[in-house]
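Structural features, examined
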Amino acid sequence: MPGHHVPRCRIQFSISHVVVFCWIVGSVTSQIRAAQPTVEYALGLKPKQVVQYDIPDDSGVKTATLAMEKANAMTSWVVRSSQGILLRRFADTNGDRVVDQWSYYKDGLEVYRDIDTDHNTKPDQCRWLGVAGSRWGIDSNEDGILDGWKGLSPEEATAEIVTALANRDQPSFQRLLPSDAELTGVGFSQDLLDQVRARVEAARERFGRLSQEQKEVTPQTQWTAMLAGLPGVLPKSTEGASNDVVAYDNVVALTDGGNAGGGQVFVGSLVCFGNVWRPIDLPQLPSGSETVAESFSLFSPKVDGAAFQTGAVPSEPLQPFLEQLRAIEQKMQGATGADMAQLLTKQVQILEEVAELAQGNEREFWFRQLAETLAAAAQEGTMPDALAQLERLSERLPADDPLKSFLAFRLASARYASSMQEPGADIEDIQAAWLEELALFVETHPEAKDAAEAMLQISIADEFSGKEEAAMKRYQQIVERFPSSPSARKASGALRRLQAVGQPLDLSGTTIDGKKLSLRNLKGKPVLVHYWATWCEPCKVDIARIRELEEKYRRDIDVVGIALDGDKASLQRFLQSKPLNWPQLYEPGGLDGRLAEELGVLTLPTMLLLDKEGVVVERNLMVTDLENSLKSIIAN
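Treat the numbers as computed from the prediction; the structure is a model and nothing was measured.

Examining the nonpolar core
Phe 188, Val 196, Val 271 and Leu 298 are the most contacted members of the largest nonpolar core, which has 64 residues in total. Examining the composition of this core, we find that 7 residues originate from one element, helix 7 (residues 190–213), more than from any other. Ignoring sequence-local partners within four residues, the contact set of Val 196 consists of Leu 183, Phe 188, Ile 280, Phe 296 and Leu 298. If you look at the next biggest cluster of nonpolar residues, it comprises 44 residues, including Leu 528, Ala 563, Val 601 and Ile 633.

A closer look at the packing of helix 12 (residues 403–420) against helix 13 (residues 427–444)
The description of two helices packed together rests on the angle between their axes and the distance between the axes. At a minimum axis separation of 10 Å, helix 12 and helix 13 run at an interaxial angle of 175°. When the axes of helix 12 and helix 13 are compared, the pair comes out roughly antiparallel. Contact residues: Ser 405, Ala 408, Phe 409, Ala 412, Ser 413, Arg 415, Tyr 416, Ser 419 and Met 420 in helix 12; Ile 427, Ile 430, Gln 431, Trp 434, Glu 437, Leu 438 and Phe 441 in helix 13. A per-class count over the contact of helix 12 with helix 13 returns 10 nonpolar, 4 polar and 2 charged.

Points about the layout of surface pockets
Considered as a void within the structure, the second largest pocket measures approximately 1100 Å³ in volume. Taken together, 34 residues make up the lining of the second largest pocket; nearest its centre are Val 50, Trp 128, Arg 135, Glu 160 and Thr 163. Of all the secondary-structure elements, those providing two or more residues to the lining of the second largest pocket are helix 4 (154–166), helix 5 (170–176) and strand 11 (222–227). If one sorts the elements of the lining of the second largest pocket by residue count, helix 4 sits on top with 7 residues.

Quick word on the sheet that holds strand 18 (residues 527–532)
Across the sheet, 5 strands lie side by side as 20-19-18-21-22; this open sheet has mixed pairing. The open sheet terminates on both sides in strands that have one partner only, identified here as strand 20 (584–586) and strand 22 (616–618). Strand after strand, the sheet turns through a mean of 30° between neighbouring axes, direction not considered. Bridge analysis of strand 18 against strand 19 (residues 558–563) gives 6 bridges, and the strand direction is parallel. The partner of Val 527 across the bridge, within strand 19, is Asp 558. Where helix 20 (residues 626–635) meets the sheet, it contacts strand 18, strand 21 (606–610) and strand 22, and its direction lies at approximately 15° from that of strand 21.

Re helix 13
Spanning 18 residues, helix 13 covers 26 Å between terminal C-alpha atoms, matching the ideal 26 Å at 1.5 Å per step. Among the residues making up helix 13, those that are buried are Ile 430, Trp 434, Leu 438, Phe 441 and Val 442. Viewed end-on, helix 13 has its buried residues packed into an arc of 110°, placing them on one side of the element. What points out from helix 13, more than 90 degrees from its buried face, is the exposed set Glu 428, Asp 429, Glu 436 and Glu 443. Where helix 13 is buried, its residues touch helix 12 and helix 14 (451–464).

Considering the sheet that holds strand 5 (residues 86–92)
Here we have 8 strands laid out as an open sheet, ordered 3-4-5-6-7-8-9-10, and antiparallel in their pairing. This sheet does not close on itself; its edge strands, each paired only once, are strand 3 (65–71) and strand 10 (148–151). Put simply, the sheet's adjacent strands are angled 20° from each other on average, direction ignored. Bridge count between strand 5 and strand 6 (residues 101–106): 4 bridges; the pairing is antiparallel. By the bridge assignment for strand 6, Arg 88 is matched with Tyr 104.

Basis of the calculations
- Residues numbered from 1 in each chain as written.
- Predicted model: local features only at pLDDT ≥ 70, side-chain atom pairs only at ≥ 80, totals over all residues.
- Heavy atoms only, no water.
- Core = buried A, V, L, I, M, F, W, Y, C linked by side-chain atoms within 4.5 Å.
- Buried < 20%, exposed > 50% of the residue type's maximum accessible area, 1.4 Å probe, protein only.
- Helix = DSSP H or I, 4+ residues; strand = E, 2+ residues; numbered from the N terminus.
- Contact = heavy atoms within 4.5 Å.
- Axes fitted to C-alpha atoms, helices over the stretch in contact; angles between N-to-C directions.
- Parallel < 35°, antiparallel > 145°, perpendicular 65-115°, else oblique.
- Nonpolar A, V, L, I, M, F, W, Y, C, P; charged D, E, K, R; others polar.
- 1 Å grid on protein atoms, 1.4 Å probe; cavity = no way out; pocket = protein on both sides within 12 Å on 5 of 7 lines; lining within 4 Å.
- Points joined across faces, edges and corners; volume = space filled by probe spheres on them.
- Pairing = 2+ DSSP bridges.
- Expected span 1.5 Å × (residues − 1).
- Arc of directions from axis to C-beta.

Next comes the structure, spelled out in structure tokens:
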């Protein structure tokens, strides 16, 4: 107590919002009576973290009582209301006569507890209990800010994501992501581990910008629920998984923005690491800032996060339809051919019913989901009349409907993909028609989110038809008009590549066999950089020629491959059957990954040639010119 010294009593001090006090507890002796605190003092203490608990008004404080109680081998100071309802309990759990557990109650039930596990009078753990949830936080350095989680349910993980977005709190989101040790130990196969690790690192890097730029989740936004199907299990198997992995796919956090109405945050997959559920991806929002091209999925059919980006909260009448859709998704796993077409037809029928029943923001949400489903089926050729249904859906919308631009872009992409699948397709005519449709889309919907991707496709066509100035101009427009979009990252890289000649190039990464490599460390000899993938047949022609020249000029040049396969296992099988003598950089993501985006590599194969100082001398080297270029640079 202030101004009163008692033997073995440690100094009173404040940590963040919690005043940690050092009452001595034990037998009721004159010494204890002298140290007894007041009710006002006890009720003035506050939890270390945010929680809803009972705070009596002035009259309640005056009538509350404070007494020492013994129970469960603990001695505690206990505060009760005049009706005998528990308000606070401050306990000595180890018998050293110093408080090391601070409990707070709501309606007589414990909802929160600060814990001093190392008995130095400073709380280093906190637990939410009862109706407040089941979170268990760790404050290792005892500064009042959580450093990690010991227990976190999937629902609470999504709530923490919403809170981190609302508060623009990057450290809080970082604490939710799994550590590398957790990723390594949870039981993923090596291929899946590489993919998940890359997405976690991307989320860690990009959340700060997303939280600052987004406007949907504000400090007034409250988490309301988690929307997800049943959790699934990736079983321990002979394919490399060392343990069962339990996870949710396609998770959505529903929110309430007060006057702004309901909304949602697309979380993606949640994985169970011991007693803690963690996200493995960047959350997606209606604005599309920092979204990924396609949501990641561990075992469920992939869902485009954009389908959830409309601010809709499913109402009660729609819940039965959600259950039907989840059941269909489960059946789609492994389905092919006629079975898949039948399931897709049923899925579309349900989505149409839901879209018609939905009101307000819900209508936009479900129409987007319906359009995405039809567009994907048309592009993949898995549902025969998908394109026709998508066209009819577009015709039903009035010209001023906000969904018109969303449908228009997907319809253009679906028409292009469907036409390319037809026997005897005239590729040049089909591409020309597609580019004309994209240009009309950009002209008609210049501010639409999809305008960035449409402009990127036109720019790629311009670049590879020799219109580089037009391509560079449009790449720059994408970067300026849509700076946070995935298309802007590719466009920025393409500008760097087109302007690379005469500039030093420093690329770095990890090889397929786990070694670090940087072009900076290869100075002293010219370097050939080859972007390729096992699915690219022309790339294999390049590799055959590079192999010959690498053997011929091995003393004079270095070669670095950058493999843009989406499937690491396919790459490993290829390299085992046809080993290459030069290192291969690899990261998950393929043409959408970092290694491709840094130089805007949009088509394969792509080759660059660097001189012995690491400066680019050729940025679009053809295999037919390769030996002459090597001879020239070696001679110089």
